[in-house]
Amino acid sequence: MNKNENIDLQFDALTAGIEHDGLRSKTDINIIICYMAAKSKVRLTQKAICETLVEGAIANYFEIMDALARILREKIITEDEDGFLVPSKKCMELIEYVEKDLPLTVREKSIRMSAKIAAKEIYAKENKVEIEEAKSGYDITLHLSDNNEDFMVIRLNVPSVEEAEMIKDNFLTDPAKIYNTLINALL
C-alpha cells in the first residue's frame, strides 16, 4: 500500500459542513460519540450529540447519524427509557484506549457544547413556549415553570416569526437567566 492509499483510508468520512479541525474519519466520529456519552457530566440524547457535533462543525450530519445507528445497533451505547444514552463497558474500554487520538480541542469543545445543548433540552421539557400568529406579527408566550406549575408567564408581540423563534431559542438556552435579569430589573 502506498502513502496516498493510507491517507484515503484514514479520511473516509464526508466533510461537508465541518471546520478544518473537524473529524474526517468514521472511526474518529464513533470515538467522539462514545467519548461524549461517557465523559459528559450531563445525560445526553442522540439529538443532543448530533446537534453538538453539527453546530460545532465537528462532524458531518450524515456521518453522525450513521455512527449513532451503528453504535446503538452494536450496543456500544444503549438508550434508557427516557432516551438518554448509556455507555456500555465496551464503550468505556474503547475510550480509555483511544481517547488521546482525538484532538484535545475537539474533546473539550464537544463536552462544553453538549452540556449547553443538554441543558436546553431539559429547559424545553420544563418550560413551554408558544408562538401564535397575531393581527400584527406574532405573539410569543414564555412559561417559566417549576414542577409543572407556571410561576412566571411573559407574553410578547414581535413583527416576524424569525424573531419569535430567536426569542424562543434564547429563552430555552437559559430561562433562569431571563428570570433573574427581569426580577433584578424590577426590584
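Bear in mind the structure is a predicted one, so any value in this text is a computation, not a measurement.

Asker: So, the side chain of K109: which residues are in play, and what are the values?
Answerer: Looking at where K109 falls in the secondary structure, it is placed in helix α6 (residues 104-126). Of the residues examined, K109 reaches a relative accessible area of 19% and is grouped as buried. Of note is the side chain of K109, whose polar atom sits 2.7 Å from the backbone oxygen of G56.

Asker: Residues and numbers for the pairing of strand β5 (residues 149-158), please.
Answerer: Of the pairings in the sheet, the one linking strand β4 (residues 137-146) to β5 comprises nine bridges and is antiparallel in character. Looking across to β5, one finds that I140 is bridged to L156.

Asker: Give me the state of the cysteines: which residues, what numbers.
Answerer: Applying the stated rule across the entire model yields zero disulfides. Sulfur of C34: no disulfide; nearest cysteine sulfur belongs to C91 and is 3.5 Å away. For C50, which is in no disulfide, the shortest distance to another cysteine sulfur is to C34 and amounts to 15 Å.

Asker: Just give me the short version of the pattern of salt bridges, but keep the residues and values in it.
Answerer: Going through the model one piece at a time under the given rule, you end up with eight salt bridges. Ionic pairing is found between E63 and K26, a salt bridge with its closest N-O pair at 2.8 Å. With E63 in helix α4 (residues 61-73) and K26 in helix α2 (residues 26-39), this pair connects stretches of sequence that are 37 residues apart. One network of salt bridges, with partners in common, ties together R43, D80 and D82.

Definitions and limits used
- Residues numbered from 1 in each chain as written.
- Predicted model: local features only at pLDDT ≥ 70, side-chain atom pairs only at ≥ 80, totals over all residues.
- Heavy atoms only, no water.
- Helix = DSSP H or I, 4+ residues; strand = E, 2+ residues; numbered from the N terminus.
- Buried < 20%, exposed > 50% of the residue type's maximum accessible area, 1.4 Å probe, protein only.
- Polar contact = N/O pair within 3.5 Å; in protein donor to acceptor, adjacent residues only side chain to side chain.
- Pairing = 2+ DSSP bridges.
- Disulfide = S-S within 2.5 Å.
- Salt bridge = Lys/Arg side-chain N within 4 Å of Asp/Glu carboxyl O.

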